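# Observations on the model geometry
The lines below spell out each chain.
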Amino acid sequence: MLSLIIPMYNEEKILPDTLKTLSDYMQKNFDDYEILFSDDGSTDRSKEIVEHCGLPRVRVISYEKNRGKGCAVRQGMLAAKGDVRLFTDCDLAYGTDVIRALYDKFTSSNYDVILGSRNLGEDGYAGYTALRRLASKTYIKVLCLLGGFKLSDSQCGFKAFSAKAAEKVFAECETDGFAFDFEAIMTAVRMGFSIGEIPVKIVNHRESKVHVFSDSFKMLGDLVSIRRRVAEKGKRAK
């Protein structure tokens, strides 16, 4: 069973299209699945729209106060029921075809975690502004240096975990903000889970919710705390 997890915050404008696109795609490509929207304390009608969409195998979880994408993904991963648990953004930035491609790689390999990567193909950053492309690539390199691992794109918003990996990794994660990917990957590495990658590209562009400079500095500060916290948990686990 595949759980498709969609973190959302104030997405009422795009939700009707997203719901129809996802439901149509999943019904055509999967026999056993669920679409789980994880509402990050939206103040608009996002939760209500999902609750009353009338589509099969769609459900929503929520909490009142906005805490950040990391919290929404974490809650979704822990509430999901699937053997494979994949998250992507509400705007379906990477399209839908890549969902089946990632699922097939998951079920045909021994990986516990598979990450989408914009750096594995020539067109991964097609449509990005020069500034956003530079900021993304630079940030990823800094992450790899701080984290001590070699991944081509740790920050891509398209990742999948086995049920076992999701439950163990996200039960320990604490980061609510955009640096949550880093904590999840570092925790997975510490726990010995195998990690693979699959090429993806942006097919639906919209203005990013990440503020390149202010959020990057905040995330770098979070990384220092995350690295220390993950290391301490590793010592206690021995």
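One structure accompanies this document, and this report is about it. (Residues numbered from 1 in each chain as written. Predicted model: local features only at pLDDT ≥ 70, side-chain atom pairs only at ≥ 80, totals over all residues. Heavy atoms only, no water.)

## Here's the deal with the environment of F193
Note that F193 resides in the loop between helix 7 (180-190) and strand 7 (195-199). Given a relative accessible area of 12%, F193 falls into the buried group. In sequence terms F193 and S162 are 31 residues apart; their C-alpha atoms lie 9.8 Å from each other. (Helix = DSSP H or I, 4+ residues; strand = E, 2+ residues; numbered from the N terminus. Buried < 20%, exposed > 50% of the residue type's maximum accessible area, 1.4 Å probe, protein only.)

## Digging into the pattern of salt bridges
One pass over the structure, following the stated rule, counts 15 salt bridges. With a shortest N-O distance of 2.8 Å, R59 and E34 are connected by a salt bridge. With a gap of 25 residues between them, R59 in strand 3 (residues 58-63) and E34 in strand 2 (residues 33-40) connect regions that are remote in the sequence. In this structure R59 comes out as partly exposed when scored by relative accessible area, which is 27%. Between D181 and K159 there is a salt bridge, with the nearest N and O atoms lying 2.7 Å from each other. Here the residue D181 occupies a position in helix 7, and K159 occupies one in strand 6 (residues 159-162), the gap between them amounting to 22 residues. (Salt bridge = Lys/Arg side-chain N within 4 Å of Asp/Glu carboxyl O.)

## Thoughts on the pairing of strand 3
Pairing geometry for strand 2 and strand 3, over six bridges, is parallel. Across the sheet, the residue bridging to I35 is V58, located in strand 3. Regarding the hand of the β-α-β motif, the stretch spanning strand 2, helix 2 (residues 46-51) and strand 3 is right-handed. (Pairing = 2+ DSSP bridges. Right-handed = clockwise from strand over helix to strand, strands pointing away.)

## Structural notes on the sheet that holds strand 7
Taken in spatial order, the seven strands line up as 3-2-1-4-6-5-7 in an open sheet, and their pairing is mixed. Across the chains shown, the open sheet's two edge strands, defined by having one partner strand only, are strand 3 and strand 7. Along the sheet, successive strands turn relative to each other by an average axial angle of 20°, direction set aside. Here helix 6 (residues 163-172) sits on the sheet in contact with strand 4 (84-87), strand 5 (113-117) and strand 6, set at roughly 100° to strand 6. (Axes fitted to C-alpha atoms, helices over the stretch in contact; angles between N-to-C directions. Contact = heavy atoms within 4.5 Å.)

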